[in-house]
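# Chains, contacts and geometry: an overview
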Amino acid sequence: SGRANSSSTRFETVKKMDLIQRVSIAGNVVPSKKTIITAPFNGYIKKLYVKIGQKVKKGDPIVSVVQSLQSTDPVFPLRSPLDGTVVSVLKEEGEFVRQDDPKDFILRIDNLDDLYVISNVPEIDMVKIKPGLEAIIKASAILDKQYKGEVVSISLASKNQDEWRGNSKVEYPTKVKITDADESIKPGMSAILDIVSMKRESVLVLPHEFVSKDEGKFFVFTRSGEKKEISVGLQNEAFFEVLSGLSEGDEVKQIDFMELMQSK
C-alpha cells in the first residue's frame, strides 16, 4: 500500500487513482407502472382468469364480479388496463368483495419492464445530485450482486418530515432507474443507493489522516518533518485530491493530531 513503518510513525506515498464522491441513501424498489384491481360494486368473485406470476396484455380479461353467484345474467369481466405481470392475488373465486376499497383489492398488476428505486435525499446532499448521474444499487435481500442505475428525476418540492422534538427534516424524493434489472430484484425490496455525485479519474490522492487543516489551509509533513502547504480538490469519506504542493511518489508522514493539539 506504499506505507512503511519507522517505529510507530506511518508514511504514505502520494499516488494516482480514481476518486469517487458518493451520496448514500436508502430507498425502495418500485415498478414503472402498477395498478390495483378493486370491485366495481359490492359482490362476489365469479371467476379469476389469472394467477400470480402470469403476464397479461392490456385488455386481457382478469376477473369477473357478480352481485349474486346464483344469477344467470351475462357476466362481463374486468380487463387489464396495462401490459404487466400479476404480482399478487388477494381473493379467491366465490369470495365477497367490497366496492372500490383500495385496502381490500382483488389483485395487483405491475409493469416490470422498468424498475426504479425511490428514495428521499436529505437537503444537504440534494445539491450534489442531478439527473443522469450513475448509481450503484444494492438490494438488501440480494447479497451477492449489485445493480447499475441512473438518476432520472429529483423532486423540486421538498417533503417535510416532522421528527420528535418538533425538528423538521427536509428531504427531496429522488427516482433512480435500475438499468440492468433481472428476475431477482423485485418491487417492494429495500435498497441502498450509492449515487456517484463526482468522479475524478487518475488524480493524486492522500488519505485524510495524512492531511492537516489549519485556519482554512491544508498542510502535510514530509518524510524529513518539513511542514508543507498543499491545495486540495475533491474529497470523499477516505481521500483528498491533491491539486498542488506534492508530486506522485512523494512520501508524507501521518499526522499526529495529539501532538498538534499540544503544540497549539
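Cut-offs applied
- Residues numbered from 1 in each chain as written.
- Predicted model: local features only at pLDDT ≥ 70, side-chain atom pairs only at ≥ 80, totals over all residues.
- Heavy atoms only, no water.
- Helix = DSSP H or I, 4+ residues; strand = E, 2+ residues; numbered from the N terminus.
- Rg over C-alpha atoms; globule rule 2.2 N^0.38 Å.
- Buried < 20%, exposed > 50% of the residue type's maximum accessible area, 1.4 Å probe, protein only.
- Contact = heavy atoms within 4.5 Å.
- Polar contact = N/O pair within 3.5 Å; in protein donor to acceptor, adjacent residues only side chain to side chain.
- Pairing = 2+ DSSP bridges.
- Salt bridge = Lys/Arg side-chain N within 4 Å of Asp/Glu carboxyl O.
- Phe/Tyr/Trp six-rings, centres within 6.5 Å; stacked < 30°, edge-to-face > 60°.
- Lys NZ or Arg CZ within 6 Å of the ring centre and 35° of its normal.
- pLDDT = per-residue confidence, 0-100.
- Core = buried A, V, L, I, M, F, W, Y, C linked by side-chain atoms within 4.5 Å.

## Considering the overall build of the chain
Scanning the chain from N- to C-terminus turns up two helices and 20 strands. Against the 2.2 N^0.38 benchmark of 18 Å for 264 residues, the chain shows a C-alpha radius of gyration of 28 Å, more extended than a compact globule. With respect to the three principal axes, the spread of C-alpha positions in the chain is 95 × 40 × 30 Å. Residue burial in the chain is summarised as follows: out of 264 residues, 35% are buried.

## With respect to the environment of Gln235
Structurally, the position occupied by Gln235 is in strand S18 (residues 227-235). Between the C-alpha atoms of Gln235 and Gln21, which are 214 residues apart in sequence, the distance is 6.8 Å. Leave out the neighbours within four places in its chain, and Gln235 touches Gln21, His208 and Phe240.

## A short note on the side chain of Ser80
The residue Ser80 is located in the loop between strand S7 (78-79) and strand S8 (84-89) in this model. Among all residues touching Ser80, those that are not within four sequence positions of it are Val56, Lys57, Lys58, Gly59, Asp60, Ile62 and Ile109.

## Side note on the side chain of Thr222
Relative to the helices and strands, Thr222 resides in strand S17 (residues 217-222). Assessed through its relative accessible area of 11%, Thr222 is described here as buried. Side chain to side chain, Thr222 and Ser224 meet in a polar contact 3.1 Å long. Once residues lying within four places of it in the same chain are set aside, the contact partners of Thr222 are Lys228, Glu251, Val252 and Lys253.

## Regarding the sheet that holds strand S9 (residues 96-97)
Taken in spatial order, the four strands of this open sheet run S7-S6-S4-S9, and their pairing is antiparallel. What marks the edges here is a single partner per strand, and that holds for S7 and S9. Examined bridge by bridge, strand S4 (residues 43-48) and S9 share two bridges and lie antiparallel to one another. Across the sheet, the residue bridging to Gly43 is Val97, located in S9.

## Considerations on the pattern of salt bridges
Any two side chains of opposite charge can pair, so long as their charged atoms come close to each other. Under the definition given, this model contains 12 salt bridges. Here Lys177 ties to Asp114 by a salt bridge, and the two come within 3.5 Å at their closest N and O atoms. In this pair, Lys177 sits in strand S14 (residues 168-178) while Asp114 sits in strand S10 (residues 107-122), placing the two residues 63 residues apart along the sequence. Residue classification places Lys177 among the partly exposed positions, given a relative accessible area of 28%. By relative accessible area, which is 27% here, Asp114 ends up partly exposed. Among the ionic contacts, a cluster of salt bridges with common partners joins Arg22, Lys138 and Asp194.

## Observations concerning the packing of aromatic side chains
Going through the model one piece at a time under the given rule, you end up with two aromatic pairs. The ring centre of Tyr116 lies 4.4 Å from the NZ or CZ of Lys175, which sits over that ring. A cation sits over an aromatic face here: Lys227 above Phe219, 4.4 Å from the ring centre.

## So, the confidence of the model for the chain
Of the residues in the chain, 92% have a pLDDT of 70 or more, and the chain-wide mean is 90. Counted against residues more than four places away or in other chains, residues 1-6, with its pLDDT under 50, gives 16 contacts.

## What to know about the nonpolar core
Judged by nonpolar contacts, the single largest core of 23 residues is most densely connected at Val29, Ile137, Ile178, Ile185, Leu193 and Ile195. Contributing elements (two or more residues each) for this core: strand S3 (15-37), S10, strand S11 (134-139), strand S12 (147-154), S14 and strand S15 (190-207). Ignoring anything within four residues of it in the chain, the contact list for Val29 reads Leu115, Tyr116, Val117, Ile178, Ile185, Lys186, Pro187, Gly188, Met189 and Ala191.

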